[in-house]
Amino acid sequence: MHLDFQDFKKLYKNMREVEKEENALPPIINFKEFESWFSFLVSIALVILLKLNIDSNIENISGLIAASQNMLLYIISGLIAMLGFIVAGLAIMLSTTSNAVLKATISNGEMKYLLSVFTSFIYVAFIMVLLVIGCVFFYFSLGVKLPFVEILYLLGSLGVAYVFFFTLFYIVSLLGTCINIFIFNFNTIEESKDDVDVI
């Protein structure tokens, strides 16, 4: 069984529909989704803790800045490791999706769902790259010998925390979707075996 030109046309058309879906907010600002609103709540809680930390250690701001820089380094290294994991996971998913699975997905009209999962991997990888770049800039801006501006520090921390927590929760939600795709692949392969046995 092989894919013909018409199948690729359908794949391309479905991919364009996924990219241009009407009234779809980007997941990072769609606060109807769990990943967004929960990340925002956790980030606000973290900023409140940072504010309390600043108020209680007002004479030792340099220690707080050094701790923040260390945390940014940990976030950067963790994100780079997660990015490798995402790329490997997407490569494995794409390589295990056989022609039979693709044809069954197209014939069942579920290609849009499958493509939305693949584009979710690309989306979260893009967000992670932007976050790494933002963390690098934040790290070096904290090292500049200027007066400490509390509101800028808290806003920067809020932005980094929100995108970081969103990335974590979004990746966790993708795991359940990947399990569903694995089950779909397995069922499609079993059905194609049954069809061959019947013939």
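The coordinates are above.
Residues numbered from 1 in each chain as written. Predicted model: local features only at pLDDT ≥ 70, side-chain atom pairs only at ≥ 80, totals over all residues. Heavy atoms only, no water.

(A) How the structure looks around the pattern of salt bridges. By the definition in use, this model includes 2 salt bridges. With its nearest N and O atoms 3.2 Å apart, the salt bridge here joins aspartate 55 to lysine 51. In this pair, aspartate 55 and lysine 51 both sit in helix H2 (residues 34–56), 4 residues apart, roughly one turn of the helix. Given a relative accessible area of 43%, aspartate 55 falls into the partly exposed group. Among the residues examined, lysine 51 registers a relative accessible area of 31% and is labelled partly exposed. Two residues, lysine 51 and glutamate 150, come together in a salt bridge whose shortest N-O distance is 2.5 Å. Of this pair, lysine 51 sits in helix H2 while glutamate 150 sits in helix H6 (residues 150–198); the two residues are 99 residues apart in sequence, bridging distant segments of the chain. Glutamate 150 gets classed as partly exposed once you look at its relative accessible area, which sits at 23%. (Salt bridge = Lys/Arg side-chain N within 4 Å of Asp/Glu carboxyl O. Helix = DSSP H or I, 4+ residues; strand = E, 2+ residues; numbered from the N terminus. Buried < 20%, exposed > 50% of the residue type's maximum accessible area, 1.4 Å probe, protein only.)

(B) Here's a closer look at the packing of helix H3 (residues 61–96) against helix H5 (residues 111–142). For the pair H3 and H5, interaxial distance at closest approach is 9 Å and the crossing angle is 160°. With respect to H5, the axis of H3 lies roughly antiparallel. Note on packing geometry: the crossing formed by H3 with H5 is left-handed. Split by residue class, the contact of H3 with H5 holds 28 nonpolar, 2 polar and no charged. (Axes fitted to C-alpha atoms, helices over the stretch in contact; angles between N-to-C directions. Parallel < 35°, antiparallel > 145°, perpendicular 65-115°, else oblique. Left-handed = near helix turned anticlockwise from the far one by under 90°. Nonpolar A, V, L, I, M, F, W, Y, C, P; charged D, E, K, R; others polar.)

(C) Layout of H2. A rise of 1.5 Å per residue sets the reference length of H2, with its 23 residues, at 33 Å; its end C-alpha atoms lie 33 Å apart and thus fit the reference within 8%. Along H2, the residues classified as buried are Glu35, Ser36, Ser39, Ser43, Val47, Leu50 and Ile54. (Expected span 1.5 Å × (residues − 1).)

(D) Representation of the nonpolar core in the model. Core analysis: the biggest nonpolar cluster contains 46 residues, and Leu79, Phe121 and Tyr153 have the highest contact counts within it. Taken together, the elements giving at least two residues each to this core come down to H2, H3, helix H4 (99–108), H5 and H6. The element contributing the most residues to this core is H5, with 15 residues. Aside from chain neighbours lying at most four places away, what touches tyrosine 153 is Leu50, Ile54, Leu64, Ser68, Phe138, Leu142 and Phe148. (Core = buried A, V, L, I, M, F, W, Y, C linked by side-chain atoms within 4.5 Å. Contact = heavy atoms within 4.5 Å.)

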